[in-house]
Amino acid sequence: MGVVIIDGTTVRSFVEDEPQFNESVEKTFAAFDLNGDGTLSRSEIRTAFESMRLIDVDADGQTPAQLTALYDSIFEGFDIDHSGTVDLEEFRCEMKKIMLAIADGLGESPIQMALEGGSENLLQKAADLEASKQEGAQKSA
Ligand SMILES: [Ca+2]
């Protein structure tokens, strides 16, 4: 787990850096594809989102049925062609939307986030990218 400080600009510039973003998405996709068949199933998506803890289960006091409905709706969002599985292209497309929505939500106010899930966490990658840019700026100054 790491603590990072990010704002909307950090997240947006990460998404807009296409080669970097695509590489990160591919790595994340591979990490979520537990059985290695090249697609993400409903249960793989659920496991992935549980591990990221984007949803605060305890605080919201959700019942198991409500949680299942919630993860189902996340899955439906990814499964754009309703094939019952999520392929890399669908995953990339939806992650981009989610990250841009997060960026809009953050705006210009930096927040401190405790991230779990290790190197496959895209917000962590966004923060790392920002940190490396700032290092570069300091060196050239
Ligand atoms: Ca799979």
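Note that the structure is predicted; figures quoted are calculated from it, not measured. (Residues numbered from 1 in each chain as written. Predicted model: local features only at pLDDT ≥ 70, side-chain atom pairs only at ≥ 80, totals over all residues. Heavy atoms only, no water.)

Undergrad: Describe the overall build of the protein, with residues and values.
TA: Each helix and strand in the protein was counted, giving seven helices and two strands. Reading the secondary structure of the protein in the N-to-C direction produces β-α-α-α-α-α-α-β-α. In the protein, which comprises 141 residues, the proportion classed as buried is 34%. In the protein, 68% of the contacts between residues at least 6 apart in sequence involve partners at least 24 apart. Carbon and sulfur atoms make up 53% of the accessible area of the protein, which totals about 7,900 Å². (Helix = DSSP H or I, 4+ residues; strand = E, 2+ residues; numbered from the N terminus. Buried < 20%, exposed > 50% of the residue type's maximum accessible area, 1.4 Å probe, protein only. Contact = heavy atoms within 4.5 Å. Areas by Shrake-Rupley, 256 points an atom, 1.4 Å probe, with all protein chains shown as cover.)

Undergrad: Explain the nonpolar core to me, using residue names and the numbers behind them.
TA: Counting residues in each nonpolar core, the largest one holds 31 residues, and the members touching the most others are Ile 6, Phe 14, Ile 45, Phe 78, Phe 91 and Met 99. Every element with two or more residues in this core is listed here: strand S1 (2-6), helix H1 (8-16), helix H2 (18-32), helix H3 (42-52), helix H5 (64-78), helix H6 (88-106) and helix H7 (122-140). The contacts of Ile 6, once residues within four sequence positions are left out, are Val 11, Leu 106, Ser 109, Pro 110, Ile 111, Met 113, Leu 123 and Ala 127. (Core = buried A, V, L, I, M, F, W, Y, C linked by side-chain atoms within 4.5 Å.)

Undergrad: Kindly report on the coordination of the calcium ion, identifying the contributing residues and their values.
TA: Taken together, the protein ligands of the calcium ion are Asp 33 (OD), Asn 35 (OD1), Asp 37 (OD), Thr 39 (O), Glu 44 (OE) and Glu 44 (OE), with distances of 2.2 to 2.7 Å. If you look at the calcium ion, its six donor atoms make angles of 51 to 159 degrees with each other, and the shape they trace is irregular. Within one chain, the residues donating to the calcium ion are spaced in sequence as D-x1-N-x1-D-x1-T-x4-E. Among the residues examined, Glu 44 registers a relative accessible area of 5% and is labelled buried. (Donors = N, O, S within 2.8 Å, 3.2 Å for Na, K, Ca; no water. Tetrahedral: all angles 85-135°; square planar, octahedral: opposite > 155°, others 65-115°.)

Undergrad: So what about the UniProt feature "domain: EF-hand" (unreviewed entry) in the protein? Which residues, and what values?
TA: Mapped onto this structure's residue numbering, the UniProt feature "domain: EF-hand" (unreviewed entry) falls at residues 20-55 and 66-101. Each end of residues 66-101 is marked by a C-alpha atom, and these two atoms are 23 Å apart; helix forms 75% of the span and strand 0%. (UniProt positions renumbered as here; feature names shortened; annotations may be inferred.)

Undergrad: So what about H3? Which residues, and what values?
TA: Those residues of H3 that fall on the buried side of the exposure criterion are Glu 44, Ile 45, Ala 48, Phe 49 and Met 52. Take H3 and look down its axis: the buried residues cluster within an arc of 125 degrees, on one side only. Buried residues belonging to H3 abut H2, H5 and H6. (Arc of directions from axis to C-beta.)

Undergrad: Go over the environment of Glu 26 with me, naming the residues and quoting the values.
TA: In this fold, Glu 26 is placed in helix H2. Under the relative-accessibility criterion, Glu 26 is labelled partly exposed at 40%. Remark: the alpha-carbon pair of Glu 26 and Glu 89, spanning 63 residues in sequence, is separated by 9.5 Å. Filtering out sequence-adjacent residues up to four positions away, Glu 26 remains in contact with Leu 88 and Arg 92.

Undergrad: Run through the pattern of salt bridges, naming residues and quoting values.
TA: One pass over the structure, following the stated rule, counts eight salt bridges. Taking the shortest distance from any N to any O, the salt bridge between Arg 42 and Asp 72 comes out at 2.9 Å. Residue Arg 42 is located in helix H3, and its partner Asp 72 is located in helix H5; the two are separated by 30 residues in the primary sequence. You can call Asp 72 partly exposed: its relative accessible area is 26%. For Glu 50, the salt bridge is made with Arg 46, and the minimal N-O distance between the two is 2.9 Å. Of this pair, Glu 50 and Arg 46 both sit in helix H3, four residues apart, which is roughly one turn of that helix. Via salt bridges that share partners, Glu 26, Glu 89 and Arg 92 belong to a single interconnected network. (Salt bridge = Lys/Arg side-chain N within 4 Å of Asp/Glu carboxyl O.)

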